[in-house]
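# Coordinates in review
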Amino acid sequence: MKMGRPHRVPLSKQVLTLLAELREMSGRSKLLFPSVRSDTRPISDNTINVALRRLGYDKTQMTGHGFRAMASSLLNESRKWHPDAIERQLAHVERNDVRRAYLRGEHWDERVRMMQYWSDYLERLKAI
């Protein structure tokens, strides 16, 4: 994680399956997404944006970071999840110093359910 903060991420059933498949493709690298230049370094931040451009999306249509914004918007609009759970999932830090001092929960159980919901949602979109 940037800023050196630890961040745990719950993984849905679908993601665990994809990661197992990806592990087979990534070979002997310790990284699932190694750089094309070195299997000991991760892909760069810009790799996703370059892939999106090659798929025909311009920067006004989608960016790598745009996927996070989209998830935040849709999860918040669903009203199924506590906003703090969504913020923790995105590794956002509370900006209000007083609130941050007292708000230390990870909302883990809710985040586990939320990530399974999100994967199920994406799977339903794929089927349309």
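Refer to the structure presented above.
Quick look at the structure, then. Since the structure is predicted, the reported quantities are computational estimates derived from the model, not experimental observations.

The rules behind each value
Residues numbered from 1 in each chain as written. Predicted model: local features only at pLDDT ≥ 70, side-chain atom pairs only at ≥ 80, totals over all residues. Heavy atoms only, no water. 1 Å grid on protein atoms, 1.4 Å probe; cavity = no way out; pocket = protein on both sides within 12 Å on 5 of 7 lines; lining within 4 Å. Points joined across faces, edges and corners; volume = space filled by probe spheres on them. Helix = DSSP H or I, 4+ residues; strand = E, 2+ residues; numbered from the N terminus. Nonpolar A, V, L, I, M, F, W, Y, C, P; charged D, E, K, R; others polar. Axes fitted to C-alpha atoms, helices over the stretch in contact; angles between N-to-C directions. Parallel < 35°, antiparallel > 145°, perpendicular 65-115°, else oblique. Contact = heavy atoms within 4.5 Å. Buried < 20%, exposed > 50% of the residue type's maximum accessible area, 1.4 Å probe, protein only. Polar contact = N/O pair within 3.5 Å; in protein donor to acceptor, adjacent residues only side chain to side chain.

### A few points about the layout of surface pockets
As a volume, the largest pocket reaches approximately 2100 Å³. Secondary structure elements with two or more residues in the lining of the largest pocket: helix H1 (13-25), helix H3 (64-78), helix H4 (83-89) and helix H6 (108-127). Per element, the largest residue contribution to the lining of the largest pocket is eight residues, and it comes from H3. When its residues are assigned to classes, the lining of the largest pocket shows 23 nonpolar, 10 polar and six charged.

### A short note on the packing of H1 against H6
At a closest axis distance of 8 Å, the pairing of H1 and H6 adopts a crossing angle of 75°. It follows that H1 is roughly perpendicular to H6 by the angle criterion. Touching Lys 13, Gln 14 and Val 15 of H1 are Gln 116, Ser 119, Asp 120 and Glu 123, all from H6.

### Brief notes about the environment of Arg 53
With respect to the helices and strands, Arg 53 occurs in helix H2 (residues 47-54). Here Arg 53 falls in the partly exposed class, since its relative accessible area comes to 31%. With sequence-adjacent residues up to four places away left out, Arg 53 is seen in contact with Asp 58, Lys 59, Met 62 and Thr 63.

### Observations regarding the side chain of Gln 116
Locating Gln 116 in the fold gives a position in helix H6. Exposure remark for Gln 116: the relative accessible area of 18% places this residue in the buried category. Within the structure, the side chain of Gln 116 is placed 3.0 Å from the backbone nitrogen of Lys 13, a separation counted as a polar contact. A polar atom in the side chain of Gln 116 sits 2.9 Å from the side chain of Asp 120. Beyond its immediate sequence surroundings of up to four residues, Gln 116 is in contact with Ser 12, Lys 13 and Gln 14.

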